[in-house]
Amino acid sequence: MLSANDRHKILKRGRTSIAWEGEPLLGSIYGEEEVEAAVAAIRDSMEVSKGFGFTCQQILDFETAFAHYTGSKHAIAINSAGPGLDMSMRYLKLQPGDEVIVPAINFMASPLAVMGAGGQVVWGEVDPKTLQLDPNDVKKRITPRTRAIFPVHMNGLAAPMDDYFEIAERHPHPQHGPLVVIGDAARACGGEYKGKKIGKDGFGTIFSFHTMKNMVTLGEGGMVTTDDDTFAAYCRSTRFYGIATEDWGTSNVMTKVQAAVGLVQLSKLDSFIDARRRLAHRRNELLDGLPNIELPYEPSDCKHSYYLYTCLVRPEWAGDKRNQLMERMEQEFGVKCLIANPPVYESRKLMRDHTPGQSLPLSEQIGQRIVCVPIHPSMSDEDNEYIAAALIECADGLG
Ligand SMILES: *Cc1c(COP(=O)(O)O)cnc(C)c1O
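The numbering scheme is per chain: residues are counted from 1 as the chain's sequence reads. With the structure being a predicted model, the display of local features is reserved for residues of pLDDT at least 70 and the display and counting of side-chain atom pairs for 80 or more, all residues being used for whole-chain, interface and lining totals. For side-chain calculations, the full set of non-hydrogen atoms in the structure is used, while hydrogens and water are omitted.

A. Structural context of the overall build of the protein. The secondary structure listing takes helices from DSSP runs of H or I that are at least 4 residues long and strands from runs of E that are at least 2 residues long, numbered from the N terminus. Counting secondary structure elements, the protein contains 14 helices and 13 strands. Rg of the C-alpha trace for the protein: 22 Å, near the compact-globule value of 21 Å for 399 residues, within the 12% margin. For the protein, the C-alpha atoms occupy an extent of roughly 65 × 55 × 35 Å along the three principal directions. Exposed residues in this analysis have more than 50% of their type's maximum accessible area, buried residues have under 20%, and partly exposed residues fall in between, with area computed by a 1.4 Å probe over protein chains only. Burial analysis of the protein (399 residues in total) assigns 57% to the buried set. We call two residues contacting when some pair of their heavy atoms lies within 4.5 Å. Here the contacts in the protein between residues at least 6 apart in sequence split such that 73% fall between residues at least 24 apart. Measuring between centres, the 42 positive side-chain charges of the protein sit 2 Å from its 52 negative side-chain charges. With the radius of gyration taken over C-alpha atoms, the globule rule is written as 2.2 Å times the number of residues to the power 0.38. Positive residues here are Lys and Arg, negative ones are Asp and Glu, while His and the chain termini are left out of the count. By convention, the point assigned to a charge is CZ for Arg, NZ for Lys, CD for Glu and CG for Asp.

See the structure below:
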């Protein structure tokens with residue numbers, strides 16, 4: 001851990017180069033290559049006989065490169081991760097009362113997808129160390145109505161997919177067979193699990209290229225990966241009105257310009273992840289031994305993408321003290337931290353009303369303990385040191 005002496009020296013240097021936020025508004029780094037790719041794609045579309053559509057070479061190239069990157073058979077580009085989550089749930093043709101297990105500590109998108117497809121959300125607790133949907137808790141929540149397990153690769157770390165697969169095989173649905181495991185990897189593009197990129201394991205995986213994410217296609221964008229030919233055909237079809245498979249669909253296509261930029265971002269993704277990891281590991285050293293705050297946990301079989309640098313204050317600090325810590329970080333040091341995420345049913349009344357009576361005490365407590373400290377691939381070592389020093393200073397002040 002930083003000595004008191006070093007800490008004071010670092011804090012005396014003055015505030016960070018920019019006002020860092022827990023989840024910066026641009027998650028990746030853009031350069032001239034992206035600008036040139038965008039301009040070239042626009043120029044390529046200016047002929048009346050050509051235009052921007054439909055499934056153009058840029059989209060095909062981006063999909064091929066992405067499938068290769070994740071090692072999956074298919075990659076289907078879409079306009080945002082949300083529609084990909086919707087597609088994956090609609091594909092299951094859920095009947096009223098059919099249940100899908102999703103982690104309570106989560107972004108709202110995947111539970112909304114379950115509800116939107118006519119299913120019943122069943123919340124699962126998360127492992128307090130990894131913040132991933134807890135396989136042991138999943139087991140307890142399976143009923144004859146359970147159709148799918150819908151983990152999120154939370155905050156950039158891979159969820160324990162093999163554990164879910166084993167449960168899915170052991171607890172088959174009476175008509176549909178083994179439960180389907182679909183992963184929300186919106187925050188985890190470029191992360192790894194057991195030596196493989198996230199996106200290879202599971203029936204399907206959904207990625208986001210929204211402006212805050214690990215790679216960005218001009219602000220919005222997403223991808224579905226799968227090894228299943230039928231699901232891939234369904235996604236390709238339903239991203240454009242379901243024509244090819246005679247399914248219901250709407251328009252969820254990615255644009256040519258986004259795909260052209262996506263190809264460039266994908267070529268840089270590993271360098272972004274390396275930068276995030278280097279900063280996180282350095283910060284872990286600077287904070288090592290800090291009482292009252294648990295640092296992010298990286299299981300030995302995972303390569304964390306550190307989309308967020310997620311800490312937990314100790315249980316006694318849940319709520320008020322955690323909030324005071326965040327206030328001090330912002331007011332005294334100009335560093336904005338983030339709570340990502342409290343249980344979804346606490347933040348969305350719609351989801352509370354959809355799941356009456358379901359309460360998850362562990363996730364509720366974790367929601368009061370989470371504090372995500374800013375991290376970004378372009379962050380300088382000086383800023384990283386300042387943020388670590390500020391965190392120690394604030395935690396000491398409260399201890
Ligand atoms: C950002 C995010 C989404 C939604 O992604 P969009 O591309 O904005 O639709 C879904 N799930 C999680 C966990 C996210 O963080």
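B. Main features of the layout of surface pockets. Here the largest pocket defines a volume of roughly 260 Å³. No other element matches helix α4 (residues 81-91), which puts three residues into the lining of the largest pocket. Looking at the lining of the largest pocket, its residues break down into eight nonpolar, five polar and five charged. A 1.4 Å probe that fits but cannot get out identifies a cavity on a 1 Å grid over protein atoms alone, an open set with protein on both sides within 12 Å along at least five of seven lines counts as a pocket, and a residue lines either if it has an atom within 4 Å of a point. Grid points are joined across faces, edges and corners, and a volume is the space filled by probe spheres set on the points. Taken as a whole, the second largest pocket encloses approximately 190 Å³ of empty space. If you go around the second largest pocket, you meet 16 residues; those closest to its centre are Lys129, Leu295, Pro296, Tyr297 and Thr310. Examining the composition of the lining of the second largest pocket, we find that three residues originate from one element, strand β12 (residues 309-313), more than from any other. Class assignment for the residues of the lining of the second largest pocket results in nine nonpolar, five polar and two charged. Each residue gets one label: Ala, Val, Leu, Ile, Met, Phe, Trp, Tyr, Cys and Pro are nonpolar, Asp, Glu, Lys and Arg are charged, and the others, such as Gly, are polar.

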